[in-house]
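Coordinate inspection notes
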Amino acid sequence: QILRDGTAGQSPDTIEQVVQRALVRAHGMRKLISDLLDLTRIESGQKRREFGPIDFREIAQNALDGVAQAAEAREIALELHAPERVAAVADRGEIEIIFNNLVSNAVKYNRDGGRIELRTRQADGLSWLDVTDTGQGLTTAQLAHLFEPFNRLGAERSNVSGTGIGLLITRQLVLAVGCRLAV
């Protein structure tokens, strides 16, 4: 509307700012809608699942690649410690969502110049992903609310954007496959 009625003026810089702000907001709304739809499908049991062989190492590397630009901008080091292959049978899309949410949060809530380490391993017949970061951490009181919807713990210490349901989706997916998520 601002562009249509000319309130923004004619300055290309001002117009670019308005357009960029609108795009950021539109992306945020699209992400929220997508996350809510995913959560609804998971909770209702209507999410279609396709199990097959996967490699945790490959998915972990893809998750790191997905945040590399944001991490580089804040000088956050990304490290993957993994054997050649960590095999599992799971729904690849679900595992990708889990890994991406955990790695994305590790970048968002980390400190500039920090570090994120991902470790994939197999032990006792199970496949594991460990995510460690150098963020400020959470208090015991905050941990009690970590998986509540729309609760963006740590947001007060950063200008991080997000829907506040990524960890809830992650938890629901982990529980749906009979696995465990520990903080």
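First things first, this report covers the structure right here in the doc.

What follows covers the environment of Q61. Its place among the elements puts Q61 in helix α3 (residues 56-73). The exposure class of Q61 is partly exposed, given its relative accessible area of 28%. Note: C-alpha distance between Q61 and H81 (20 residues apart in sequence) is 9.9 Å.

All right, on to the nonpolar core then. Among the nonpolar cores identified, the biggest contains 29 residues, and I54, F56, I95, I98, F99 and L118 are the most heavily contacted of them. Sorting the residues of this core by element identifies α3, β3 (87-91), α4 (92-108), β4 (115-123) and α6 (166-176) as the ones contributing at least two each. When residues no more than four places from it in sequence are discounted, the contact partners of I54 are I59, R85, V86, A87, A88, A90, R92 and I95.

Take α6 next. Of all 11 residues in α6, eight are buried, a share of seventy percent or more. A positive backbone phi angle near 75° is found at G178, which sits one or two residues after α6.

Glancing now at the pairing of strand β5 (residues 126-133). Inspection of the sheet shows β4 paired to β5 by eight bridges, in the antiparallel sense. From the neighbouring strand, T120 faces β5, where its bridge partner is L129. A loop of two residues connects β4 with β5, the two strands running antiparallel in sequence, and D124 in this loop sits at a positive phi of about 55°.

End to end, α4 covers 24 Å across 17 residues, agreeing with the expected 24 Å (1.5 Å per residue, within 8%). Turning to α4, the residues buried within the fold contact β1 (51-55), α3, β3, β4, β5 and α6. The residue sitting at the N-terminus of α4 and contributing the capping side-chain oxygen is D91; that oxygen lies 2.9 Å from the backbone nitrogen of G93.

Criteria and thresholds
Residues numbered from 1 in each chain as written. Predicted model: local features only at pLDDT ≥ 70, side-chain atom pairs only at ≥ 80, totals over all residues. Heavy atoms only, no water. Helix = DSSP H or I, 4+ residues; strand = E, 2+ residues; numbered from the N terminus. Buried < 20%, exposed > 50% of the residue type's maximum accessible area, 1.4 Å probe, protein only. Core = buried A, V, L, I, M, F, W, Y, C linked by side-chain atoms within 4.5 Å. Contact = heavy atoms within 4.5 Å. Pairing = 2+ DSSP bridges. Expected span 1.5 Å × (residues − 1). Polar contact = N/O pair within 3.5 Å; in protein donor to acceptor, adjacent residues only side chain to side chain.

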